[in-house]
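Listed below, chain by chain, are the residues.
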Amino acid sequence: VQLQASGGGLAQAGGSLRLSCAGSGRAFSRYSIGWFRQAAGKEREFVAAIRYSGGYTYYADSVKGRFTISRDNAKSTVYLLMNSLKPEDTAVYYCAADSSIILSQISRTDAYDYWGQGTQVTVSS
């Protein structure tokens, strides 16, 4: 599967952005999707994930209650709605996919086989 992340940009603190991760191929609904981010000079970190069926979602503590992940398999797209943005949310955001991920590994970067290019999110104070 090929992934295309989009929707990044500049937002003020307290504002919102919605990222999209569009997948190619007919089997998109079979893939669990994760969002990760990498700030300058830092390691890539987990943000949120959604199982292939959409019935299970998982969030990093730092974004819980502010970010919402969802998917529309008919459109082969996963969304990350980011509300109440903070300057510390500034990073390049990546989406990743895997068809055989297990829940205990869903937040690990090495658990995903496919990655999209990043989209920059910048939050000003």
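Everything below is about the structure shown above.
Residues numbered from 1 in each chain as written. Predicted model: local features only at pLDDT ≥ 70, side-chain atom pairs only at ≥ 80, totals over all residues. Heavy atoms only, no water.

Visitor: I'm lost on the side chain of Thr-77 in this one. Help?
Guide: The residue Thr-77 is located in strand β8 (residues 77-82) in this model. Of the polar contacts made by the side chain of Thr-77, one reaches the backbone oxygen of Lys-75; its length is 2.8 Å. Beyond its immediate chain neighbours, meaning those up to four positions away, Thr-77 contacts Ser-20, Cys-21, Ala-22, Phe-28, Ser-70, Arg-71 and Asp-72. (Helix = DSSP H or I, 4+ residues; strand = E, 2+ residues; numbered from the N terminus. Polar contact = N/O pair within 3.5 Å; in protein donor to acceptor, adjacent residues only side chain to side chain. Contact = heavy atoms within 4.5 Å.)

Visitor: I tried to follow the pattern of salt bridges on my own but got confused; where do I start?
Guide: Side chains that differ in charge, positive against negative, can pair when their charged atoms come close. All chains considered together, the criterion is met by five salt bridges. Here Asp-61 and Lys-64 are joined by a salt bridge, their closest N and O atoms 3.2 Å apart. Because the salt bridges share partners, they merge into one network encompassing Arg-37, Glu-45, Arg-66 and Asp-89. (Salt bridge = Lys/Arg side-chain N within 4 Å of Asp/Glu carboxyl O.)

Visitor: Is there a simple way to think about the state of the cysteines in this case?
Guide: A covalent bond bridging the sulfur atoms of two cysteines is what the word disulfide describes. Evaluation of the coordinates by the stated rule reveals one disulfide. Here Cys-21 engages in a disulfide with Cys-95; their sulfurs sit 2.2 Å apart. Given an S-S torsion of about 75 degrees, the disulfide between Cys-21 and Cys-95 has right-handed geometry. Highlighted residues: Cys-21 in strand β3 (residues 17-23) and Cys-95 in strand β9 (residues 91-98), separated in sequence by 74 residues. (Disulfide = S-S within 2.5 Å.)

Visitor: What's the story with the pairing of strand β4 (residues 32-38) in this structure? I'm lost.
Guide: Two faces belong to every sheet, and in a regular strand the side chains alternate between them. The element β4 is largely enclosed, with a buried count of six among its seven residues. In this sheet, β9 lies alongside β4 in antiparallel orientation, the contact comprising seven bridges. Residue Trp-35 lies in a different strand from β9, and its bridge partner there is Cys-95. Of the strand pairs in this sheet, β4 and strand β5 (residues 45-50) are connected by five bridges, and their pairing is antiparallel. Pairing of Arg-37 across the sheet is with Glu-45, part of β5. The turn joining β4 and β5, which pair antiparallel and follow one another in sequence, is formed by six residues; a positive phi near 80 degrees is taken by Gly-41. (Buried < 20%, exposed > 50% of the residue type's maximum accessible area, 1.4 Å probe, protein only. Pairing = 2+ DSSP bridges.)

Visitor: Hey, could you run me through the packing of aromatic side chains in this one?
Guide: In this description, an aromatic ring pair is defined by two values, namely the gap between the centres and the angle between the planes. Counted according to the given criterion, the structure contains six aromatic pairs. Note on Tyr-31 and Tyr-114: the rings are 5.9 Å apart at their centroids and 80 degrees apart in plane angle, and the pair reads as edge-to-face. With Tyr-31 in the loop between β3 and β4 and Tyr-114 in strand β10 (residues 114-115), the pair connects residues that are 83 residues apart, well separated along the chain. On the accessibility criterion, Tyr-31 (13% relative accessible area) is buried. Of the residues examined, Tyr-114 reaches a relative accessible area of 33% and is grouped as partly exposed. Taking 5.3 Å as the distance between ring centres and 80 degrees as the angle between the ring planes, the aromatic pair formed by Phe-36 and Tyr-112 counts as edge-to-face. In this pair, Phe-36 is assigned in strand β4 and Tyr-112 in the loop between β9 and β10, connecting sequence segments 76 residues apart. Members of the aromatic cluster, joined through ring pairs, are Phe-36, Phe-46, Tyr-58, Tyr-112 and Trp-115. The residue whose ring lies beneath Arg-44 is Trp-115, and the NZ or CZ to ring-centre distance is 5.0 Å. (Phe/Tyr/Trp six-rings, centres within 6.5 Å; stacked < 30°, edge-to-face > 60°. Lys NZ or Arg CZ within 6 Å of the ring centre and 35° of its normal.)

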